[in-house]
Every structure is written in C-alpha cells, then in structure tokens.
Amino acid sequence: MVKYKENFVDIEGNLQGRDLLSLLDFSSEEVAYLLQKAHDMKSKMQKGIMPPVLAGKTLGMIFEKHSTRTRISFEVGMIQLGGHAMFMNARDLQIGRGESIYDTGHVLSEYLDGVMIRANSHEMVKELAQHTSVPVINGLTDLFHPCQALADLLTIKEVKGSLKGLKLAYVGDGNNVAHSLVIAAAHMGMNVSVATPTGYEYNEFLLQKAKKLAEDNGGSVLAMQDPVMAVQDADAIYTDVWTSMGQEGESEKRLQDFAGFQINDQLVAHAKSDYMFLHCLPAHREEEVSASVIDGPNSYVFQQAGNRLHAQKAVLATLLA
C-alpha cells in the first residue's frame, strides 16, 4: 500500500466533515490516504481489532435505487465502527412527496451525523450537500460511483502490490462506474484504456479532466472503440453491465450495440497472463462477461465486493470523525 507521509495527519484533518460526491473533489494524496486507511482498517479487522471510532454517531442512508453491496457495506461498516446506520427508502420520506431539497437537508442535519445517498440525479445530490451541514456521501448517482472506485483500486493494490504504472482496461458502457474508476486510477498514476461502443462513450468533459489528472501523476488515459487494443498487455480488465438500472427499455438495442465488447477467453488472451478481472456486480453472465472469465482463476470480483466494506469504513471513519 501507499506509505504514510508526514502530512497524512494533516490530510485526515482536512477531510473531516467533507462531502464525498466525486473523486474529482479530492487531491491525489487524499485518495491515496483513503486507500491506505482502508488497507489498515481491513488488516486490523482481520486481527479482531475494530475501534469504535464512530460510537454514538448515526448515518442516514437514503435509497432511490435498489442496492445490495452499497447498503450492506455501509450498514455493517457503521456497526463495526461503533455507530448506527438508518435505512430510508426515498419513497417513504417527505422528499418523495415533494418536500424541497433545501428543507430536507436542513432537517436531516438536525438528526444525523452523516448522510449516504444512492440517487438517480447527481445534481440533486449536489443540491442536498449544499443544504446539509453534515457530510454527504455519494453511494451512486447517474454520473459517479466513487466508493466503488475506492474498493476497486484497493483490490488491485492488494493483488498487484502497487498501482502506479499498471495498465487498467475498462471495456463496456461509459457510465457512472467507468467515470469514477478512471478518475481514481488517474489519481494513482495508472495507464487506463477505455473501450466503448459508438454512442456510449466516456463523458468528454470528464475524460479531459481524467487525462490531465493522469498526466500530473505520471499515468495516461486513452479512449477508443477497440476492445482488443484496450486490453492489450493489461494488468486488470474491468467491465459493468450493458444495461443499468432505469435503462431496461433499451436492453435489446444495447445487446446489439455492445456486440463484440464481451469480456471472454478470446479477448483476455491479449492481456497479461496474470491479469485481474473485475466487475462491480451484479453481473449478467454471457452478456458483458463469459462465465469462464468471471468464474475463472483470474477473477477477483468477490474480493472486490468485500472491499466495499473496508473502503466505506475508511470514508466513514475519516469524514464523520
């Protein structure tokens, strides 16, 4: 893992009380700090050491979308940190009946020590954060999935020993998961290749941000439409579902448009022999990935899913401290 620097203590102080909406809002050293903290907290937990650093604190969790890993990892994380997590379906709150974001943010701030929200609109989450005096954590929006990206990089680092200079290939939809993954990798000086079909490209504004960030850290970001070129000599290959939540009506068209972008034995043959396969889950076998790959010896998807807990704990213990 990244070794502590003397000013990591200062970084922790700077992060306390902050929102986590996008990793673009954090410096590369702050991202490195969160990864190191996640590693350290995981190591301590494996030894039975779980200090109750958030004793007496409550995290409100608002969900507009279904969730398995996000809900469980945040809830278990708060319990292990000595706090409490409160599940709130957005449909059951007054916000689901038209209460303003302004009023909701102010009211939640009176009760809670932090808010995690999994929402449809990133703009709505930004507005909520503006009117909430406690930290707001993005558990997924239409634009970003930062906590997933932290778990992804933690997994790669555990297996490969380092991040800087590694080649990461993302093949599939240029969606929220891809946005955060590439930004996180750029922070760590990785060389990233993103292959998407025409019409499903990585957001151009975010792509330019990621390219500059990667260059500043000695890495690179390339966008293309050729999956073979993207995975050539890759250390890690990542994909996501072709049809995300809310896009079910596009499923048939997407199956056609993404033909040739499946991660299968033929494609991964172009990567390094010890490549890692990653997927944020849930996965659709024989669509975006073949069963032989996701269930094969190079797959780390369950370790990756497990690391959501440790990445989330690092975020919670830092921002809510």
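Residues numbered from 1 in each chain as written. Predicted model: local features only at pLDDT ≥ 70, side-chain atom pairs only at ≥ 80, totals over all residues. Heavy atoms only, no water.

Before going further, it helps to spend a moment on the overall build of the protein chain. The secondary structure content of the protein chain amounts to 13 helices and nine strands. Relative to its length of 321 residues, the protein chain is compact, with a C-alpha radius of gyration of 19 Å against a globular reference of 20 Å. Taken along its principal axes, the extent of the C-alpha atoms in the protein chain is 55 × 45 × 35 Å. The buried share of the protein chain, reckoned over its 321 residues, is 56%. Long-range contacts, defined here as pairs at least 24 residues apart, represent 76% of the contacts in the protein chain between residues at least 6 apart. For the protein chain, the accessible area works out to roughly 13400 Å², and carbon and sulfur atoms hold 51% of it. Of the side chains in the protein chain, 28 bear a positive and 39 a negative charge, and the two mean positions are spaced by 6 Å. (Helix = DSSP H or I, 4+ residues; strand = E, 2+ residues; numbered from the N terminus. Rg over C-alpha atoms; globule rule 2.2 N^0.38 Å. Buried < 20%, exposed > 50% of the residue type's maximum accessible area, 1.4 Å probe, protein only. Contact = heavy atoms within 4.5 Å. Areas by Shrake-Rupley, 256 points an atom, 1.4 Å probe, with all protein chains shown as cover. Lys, Arg positive; Asp, Glu negative; His and termini not counted. Charge placed at Lys NZ, Arg CZ, Asp CG, Glu CD.)

Residues I101, T104, G105, L108 and S109 constitute the buried set of helix α4 (residues 101–111). One face of α4 carries all of its buried residues, which in axial projection span an arc of 130 degrees. Away from the buried face of α4 by more than 90 degrees, exposed residues E110 and Y111 are located. If you follow the buried residues of α4, they end up packed against β1 (58–63), β3 (114–118) and α5 (122–130). (Arc of directions from axis to C-beta.)

Turning our eyes to something else, we now look at the environment of L140. If you trace the backbone, L140 turns up in strand β4 (residues 136–140). Its relative accessible area of 7% is what places L140 among the buried residues. Taking C-alpha positions, L140 is 7.9 Å from N120, a pair spaced 20 residues apart along the chain. The residues contacting L140, other than those within four sequence positions of it, are K65, I117, R118, A119, H145 and N176.

Here we take up the packing of aromatic side chains. Taken as a whole, this structure holds five aromatic pairs when the rule is applied. On the basis of an interplanar angle of 75 degrees and a centroid distance of 6.5 Å, the ring pair of F258 and F261 is categorised as edge-to-face. Across this residue pair, the class does not change: F258 and F261 are buried. Through pairs of rings, three or more aromatic residues link up here, namely Y200, W242, F258 and F261. (Phe/Tyr/Trp six-rings, centres within 6.5 Å; stacked < 30°, edge-to-face > 60°.)

A word on the pairing of strand β7 (residues 220–224). Consecutive side chains along a regular strand alternate between the two faces of the sheet. Here strand β6 (residues 191–195) pairs with β7 via five bridges, running parallel. Residue V192 lies in a different strand from β7, and its bridge partner there is V221. (Pairing = 2+ DSSP bridges.)

Pairing is parallel in the open sheet, where four strands are placed in the order β2-β1-β3-β4. The open sheet terminates on both sides in strands that have one partner only, identified here as β2 (84–89) and β4. Between one strand axis and the next, the sheet turns through 20 degrees on average, direction left out of account. Taken together, the four bridges between β3 and β4 define a ladder with parallel strand orientation. Paired with R118 across the bridge in β4 is L140. Sheet contacts for helix α3 (residues 69–80): β1, β2, β3 and β4; angle to β1, the most-contacted strand, approximately 170 degrees. (Axes fitted to C-alpha atoms, helices over the stretch in contact; angles between N-to-C directions.)

This paragraph deals with unusual backbone geometry. Of note, the bond from L281 into P282 is cis; its omega dihedral lies within 30 degrees of zero at 5 degrees. Mapping P282 onto the fold places it in the loop between β9 (276–279) and α12 (291–294). Even without being glycine, L281 reaches a positive phi, approximately 65 degrees. Relative to the elements of secondary structure, L281 occurs in the loop between β9 and α12. Since its relative accessible area comes to 16%, L281 is described here as buried.

So, on to the confidence of the model for the protein chain. Per-residue confidence for the protein chain gives a mean pLDDT of 95; residues scoring 70 or more make up 97%. In the predicted structure, residues 1–6 sits below a pLDDT of 50 and forms 17 contacts with residues beyond four places in sequence or in another chain. (pLDDT = per-residue confidence, 0-100.)

With that settled, consider the side chain of K313. Inspection of the secondary structure assignment puts K313 in helix α13 (residues 301–319). Every residue in contact with K313, bar those within four places of it in the chain, is listed here: M41, M45, M50, G77, Q80 and L81.

Turning to the sheet that holds β9, a few remarks are in order. Ordered in space as β7-β6-β5-β8-β9, the five strands form an open sheet in which the pairing is parallel. A single partner strand is all that each edge strand has here, and the edge strands are β7 and β9. If you compare each strand with its neighbour and ignore which way they point, the axes differ by 20 degrees on average. When strand β5 (residues 167–171) meets strand β8 (residues 236–239), the two strands line up parallel, connected through three bridges. By the bridge assignment for β8, A169 is matched with I237.

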